[in-house]
Structures are given as structure tokens and as C-alpha cells.
Amino acid sequence: MLLAGDVGGTKTLLGLFQRAPARPAPIARRAYPTTQFASFTEILHAFEHDVRPPSGIDAVVVGVAGPVVHQRAALTNIAWDISATEITAWCGAGRALLLNDLEAMANSVDVLTPDELLVLQEGLPNPEGNAVVIAAGTGLGEAYLHRVNGRLRPVPSEGGHADFAPRTDREISLMRMLRDTYGRVDVERILCGPGLLNIHRFTHRDEPCGPVLNAAPGGEPAAISQAALTGACARCVETLDIFVSAYGSEAGNLGMRGVATAGVFVGGGIAPKILPLLQRGDFMDAFRSKPPMDEMLARMPVRVILNAEAGLLGAAVYANEM
Ligand SMILES: [Zn+2]
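The model shown is predicted, which means the values in this text are computed figures rather than measured ones. (Residues numbered from 1 in each chain as written. Predicted model: local features only at pLDDT ≥ 70, side-chain atom pairs only at ≥ 80, totals over all residues. Heavy atoms only, no water.)

(A) Just the sheet that holds strand β1 (residues 2-7), in detail. Reading across the sheet, the 5 strands line up as β3-β2-β1-β4-β8 and stay open at both edges, with mixed pairing between neighbours. One side of each edge strand has no neighbouring strand; the edge strands of this open sheet are β3 (25-33) and β8 (96-100). On average, each strand axis in the sheet is inclined to that of its neighbour by 15°, with strand direction left out of account. As paired strands, strand β4 (residues 59-64) and β8 are joined by 5 bridges and run parallel to one another. Across the sheet, the residue bridging to valine 60 is alanine 96, located in β8. Of the strands in this sheet, β1, β2 (11-18), β3 and β4 touch helix α1 (residues 40-51), which is tilted by about 50° from β2. (Pairing = 2+ DSSP bridges. Helix = DSSP H or I, 4+ residues; strand = E, 2+ residues; numbered from the N terminus. Axes fitted to C-alpha atoms, helices over the stretch in contact; angles between N-to-C directions. Contact = heavy atoms within 4.5 Å.)

The following block contains the structure:
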């Protein structure tokens, strides 16, 4: 029996899986609001109470939204940190492992089925090449999949905190506004849910926006996306135009950095909610428009991960191999 986890700033998923060749089979899963618990051990106790897992969990892998150093990780915006030691103390498992959340998600790439992926660019897949994963959600995550001895091996990164590189006068104005607010503008200031709010502030300035005024607390990014999809607010349409183009450009940057000739995978919670906007062309135009590398980028397969729990699945895939 395997226990997999995906700890995010908003939501924590835990799942029990049965070992199986390549793709472990899910038995039970639960979601918990991360901020309402005082420690990860408390979430484990809640899961134990809710699911009553059988004894004999022999591997635990948990993906965490943050850098993992010496099997310990601190989450941005969460008061507690998480360690492999506390997981072992809870379940007595011989093997407990923490991974960066995008590294965990990257482990799912090899076992995803065609119906769990949406093709943005067919490309010319190179079976000997590397791959990358980029995922905008509560934050922006990026991971590499390096080809080693024929297999893709996930490598974590904190690429979401690299500097934002504006390409247009409009993006330069946006960057200036954000620099005035934050001092430094990393890509995550733009490419995540709170990033959508930043772009929204830029496009609306002091103008009221009905869809956001009427949104439930925390639901603003979804309200902006919805207003853009329906055309309910022209400035929300521009907000998403900026977001989608910057997302495609950053996916192209990551594809170049990783020489991802085997594939670029777009994960995270936002992409599946704005698929029509991703398919319209601006995303892939920004992805490819990087001479002198435009021809290589045009050959990279680009797909959206539709499985909303790819991070949890990837952690289970890793545990399955332990
Ligand atoms: Zn608006």
C-alpha cells in the first residue's frame, strides 16, 4: 500500500494507492484546506480518521509547494513546515520522501493517458529528448525531465521565481507597476491566481469591475477568467490576453532551457479552466516567437495536463518505484 500527498498553499490532497505496474491504482483520496491545520501531522490524523487506512503502508511520497532541502520544506504563506521525519513518526513507514510538488507532478507524465492530455501543438516528439512541466495555479511551478539512460528523470526547480522578462511596451508598463509595488518582479507575480489579480489591477486601474466585485472571497481569479471567456468585461478580456501570452512565452523559455524536444506539459489548476483561450493561438504564438530558436520550439510537442490530480498521481508513481 502506498500513501501519496500533494501539499499546496490552498489545498492538500492525500491518497491511498495499491501498487501496480507503472500506474498505481487509487483506493481512497481526501482533500483538506491546508491553512486550517496547524501542522501536516494534523492533516495525516484527519486522513487516518476519515479513511481508516489499513496497516502496511510501505512507502509515502509527498509533493510540497516549495523547495525541499534535507527532506524538509517550508511552504510560502503557511506557518508550519513539513519533514519526512514527522511522516515516518506518524505511519512508521520504512520509507517516506518529500518532493517538490512540480517534481512530483513530473513523475505522472509518463503514465498519463491520451484522454488526460490536450494537444496544443502536435510537434515532432523526440523519444530521446527531455521534457519539462510548467504549472500555474496558486503559484507558478516549473520542473525539468532529463532523459537519463532512456528514462525521463524529474528534476525540481524554482524557476517560477526567476525574473519576469517583458516583451512588449504593455508588458513593460505592467512590470513597472509591479516593480513599484513589490520591488522585484518574478514570473510568479504574473503567472498564477494572484498574478491574474495583479494583471487585473493593471488593466482596470481605478475602474470598477462587476464580475470581481460580485466574486466570493478567493474566487476573484476564477471570476476574471470567466468574465474573459464570456466577454462580460473588456478589461478582463485584456487581462487574460496578457496572461495567456505571458504563459506561452514562459513555457517557451522553459522549453528552451530544458531542450524539451520530447514535450512541454502545461499542468496546474488554471489551464484546464481557460482551455478555449489557450487553444486560440496567442499561447502558442508566444511560445514559438523566439528566434533564433523558433524552429526548435515549433517541433516541441505541447500538451495541457487535464488530470487535476496529476501531482498526487506523480507522487504515487514515485512511491510505486520505491
Ligand atoms: Zn473586469
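(B) Here's a closer look at the packing of aromatic side chains. Under the definition given, this model contains 3 aromatic pairs. With centroids separated by 5.6 Å and ring planes inclined at 65°, the aromatic side chains of phenylalanine 243 and tyrosine 247 adopt a geometry described as edge-to-face. With phenylalanine 243 and tyrosine 247 both in helix α8 (residues 234-258) and 4 residues apart, the pair spans about one turn of that helix. Centre to centre, the rings of tyrosine 247 and phenylalanine 283 are 5.6 Å apart; their planes meet at 80°, and the pair counts as edge-to-face. (Phe/Tyr/Trp six-rings, centres within 6.5 Å; stacked < 30°, edge-to-face > 60°.)

(C) Structural context of the pairing of strand β11 (residues 140-148). Bridge count between strand β10 (residues 131-136) and β11: 6 bridges; the pairing is antiparallel. By the bridge assignment for β11, valine 133 is matched with alanine 143. Connecting β10 to the antiparallel partner β11 that follows it, the hairpin turn spans 3 residues. Summarising the sheet, β11 and strand β12 (residues 151-156) pair through 6 bridges and their orientation is antiparallel. Across the sheet, the residue bridging to alanine 143 is proline 156, located in β12.

(D) Molecular detail of the packing of helix α5 (residues 193-204) against α8. Viewed as axis vectors pointing N to C, α5 and α8 meet at an angle of 130°, and their least axial separation amounts to 9 Å. Regarding the angle of α5 to α8, the classification is oblique. Read as a crossing pair, α5 and α8 show a hand that is right-handed. Of the residues in α8, those in contact with Leu196, Ile199, His200, Phe202, Thr203 and His204 of α5 are Arg235, Cys236, Glu238, Thr239, Leu240, Ile242 and Phe243. Residue composition of the contact of α5 with α8, grouped by class: 7 nonpolar, 4 polar and 2 charged. (Parallel < 35°, antiparallel > 145°, perpendicular 65-115°, else oblique. Left-handed = near helix turned anticlockwise from the far one by under 90°. Nonpolar A, V, L, I, M, F, W, Y, C, P; charged D, E, K, R; others polar.)

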